[in-house]
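Spelled out, the chains give:
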Amino acid sequence: MIRTLSILCFLAILVIIIIAGMRSEAIPQVFEHQDWLHHTVAFIALVCSARWAFPRTHAFWSLLYCLLLGLLIELFQGLLPHRTASVTDMLANTVGVIIGIGIAILIKHKLALRHAAKRG
């Protein structure tokens, strides 16, 4: 049951990122650098949910696949009439992926320590 929920969570985040990235119009900005915040938080959530949904997958592959997704979305945006591909957006995606991998590794380490402490 938990495994199914973790995969559904990952898929929901993935779909939201893809839909937001492929919209013909950019999401309206309320404050400066909001777009950067969206990219970073979205990719933190994507990587963390991927690590939770697929715990046996090596962190390197999670990192690579999430970076490739970010790159493909940016390249696709370059093909849309009212959107542009952005190096700064890709940088924000990369920062989010790196932070997300760090968080996922830290959580996995903490859970392993807790599990070892329970065993004695």
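Residues numbered from 1 in each chain as written. Predicted model: local features only at pLDDT ≥ 70, side-chain atom pairs only at ≥ 80, totals over all residues. Heavy atoms only, no water.

S.K.: Hey, could you run me through the packing of aromatic side chains in this one?
M.R.: Each aromatic ring pair is characterised by the separation of its centres together with the angle its planes make. For the coordinates displayed, the defined rule picks out 3 aromatic pairs. Taking the centre distance of 5.4 Å and the plane angle of 85° together, the rings of Phe10 and Phe54 count as edge-to-face. A residue pair is termed long-range when its members are at least 10 positions apart, and Phe10 in helix H1 (residues 2-22) and Phe54 in the loop between helix H2 (34-53) and helix H3 (59-77) qualify at 44 residues. Put simply, the rings of Phe60, Trp61 and Tyr65 pair up and form one aromatic cluster. (Phe/Tyr/Trp six-rings, centres within 6.5 Å; stacked < 30°, edge-to-face > 60°. Helix = DSSP H or I, 4+ residues; strand = E, 2+ residues; numbered from the N terminus.)

S.K.: Can you help me understand the nonpolar core in this one?
M.R.: Within soluble globular proteins, side chains that are nonpolar tend to cluster in buried spots. Membership of the largest hydrophobic core comes to 14 residues, with the highest contact counts inside it found for Ile17, Phe43, Leu46, Cys66, Leu69 and Val97. Per-element tally for this core: the top contributor is H2, with 5 residues. Apart from the residues within four sequence positions on either side, Leu69 is in contact with Leu14, Ile17, Ile18, Phe43 and Leu46. (Core = buried A, V, L, I, M, F, W, Y, C linked by side-chain atoms within 4.5 Å. Buried < 20%, exposed > 50% of the residue type's maximum accessible area, 1.4 Å probe, protein only. Contact = heavy atoms within 4.5 Å.)

Coordinates in, geometry out; function isn't part of it.
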